[in-house]
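Report on the structure
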Amino acid sequence: MTDKVQIEGFHGTNKVAANAILAKGYKPSEGDEQWIGDGVYLFVDGIGDGQKNAKDWAIYKAWDNKTKHNIYPFYAVISQ
């Protein structure tokens, strides 16, 4: 018998990407510029507040430090 563990994860992104994820599923990130390698990143509760961390990440990724403006006006957090 295999015991299964269910973990709730939170993904922070922009609203357009969130709608695409909900319609078609995740598209894993690929390439050397990724945070910790190829894949889909989810925040979980435990070390911190997963939902808040995902929201903060989405807000952080919205900011363009060169232009000092947000790249996108709306962010989203998906719970999986």
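Residues numbered from 1 in each chain as written. Predicted model: local features only at pLDDT ≥ 70, side-chain atom pairs only at ≥ 80, totals over all residues. Heavy atoms only, no water.

1. Regarding the environment of glycine 31
Rules: For the purposes of this entry, the term helix denotes a DSSP run of H or I that reaches at least four residues, the term strand denotes a run of E that reaches at least two, and both are numbered from the N terminus. Exposed residues in this analysis have more than 50% of their type's maximum accessible area, buried residues have under 20%, and partly exposed residues fall in between, with area computed by a 1.4 Å probe over protein chains only.
Residue position: glycine 31 is located in the loop between α1 (15–24) and β2 (43–44). When its relative accessible area of 36% is taken as the criterion, glycine 31 is described as partly exposed. Considering only alpha carbons, one finds glycine 31 and glycine 46, 15 residues apart in sequence, at a separation of 28 Å.

2. Remarks on the environment of aspartate 49
As a reminder, the rule being used: Residues adjacent in sequence count toward polar contacts only when both atoms are side-chain atoms; beyond that, a polar contact is any pair of N or O atoms within 3.5 Å, and within protein one must be able to donate a hydrogen and the other to accept it.
By secondary structure assignment, the location of aspartate 49 is in the loop between β2 and α2 (50–62). In this structure aspartate 49 comes out as partly exposed when scored by relative accessible area, which is 42%. Linking aspartate 49 and phenylalanine 10, residues 39 residues apart in sequence, is a C-alpha distance of 9.7 Å. Looking at aspartate 49, its side chain comes within polar contact range of the main-chain nitrogen of glutamine 51, at 3.2 Å. For aspartate 49, the side chain forms a polar contact with the main-chain nitrogen of lysine 52, separated by 3.1 Å.

3. A short note on α1
For α1, the N-terminal capping position is held by asparagine 14, with its side-chain oxygen 3.0 Å away from the main-chain nitrogen of valine 16. Once α1 ends, the next one or two residues include glycine 25, with phi positive near 95°.

4. Brief notes about the pattern of salt bridges
Keep this limit in mind: Whenever Lys or Arg places a side-chain nitrogen within 4 Å of a carboxyl oxygen from Asp or Glu, that contact is recorded as a salt bridge.
Inspection of the entire model under this criterion finds one salt bridge. Two residues, lysine 52 and aspartate 56, come together in a salt bridge whose shortest N-O distance is 2.7 Å. On the criterion of helical spacing, the pair formed by lysine 52 and aspartate 56 is a turn pair, its members being four residues apart in helix α2.

5. Side note on α2
Test applied: Given a helix with a known number of residues, its expected span is that number minus one, times 1.5 Å. Whether two residues touch is decided by their heavy atoms; if any such pair falls within 4.5 Å, the residues are in contact.
An ideal rise of 1.5 Å per residue puts 18 Å on 13 residues; α2 measures up with 18 Å between its terminal C-alpha atoms. Those residues of α2 that are buried lie in contact with β1 (9–14), β2, β3 (63–64), β4 (69–70) and β5 (75–79). One side-chain oxygen at the N-terminal end of α2 lies 3.2 Å from the backbone nitrogen of glutamine 51; it belongs to aspartate 49.

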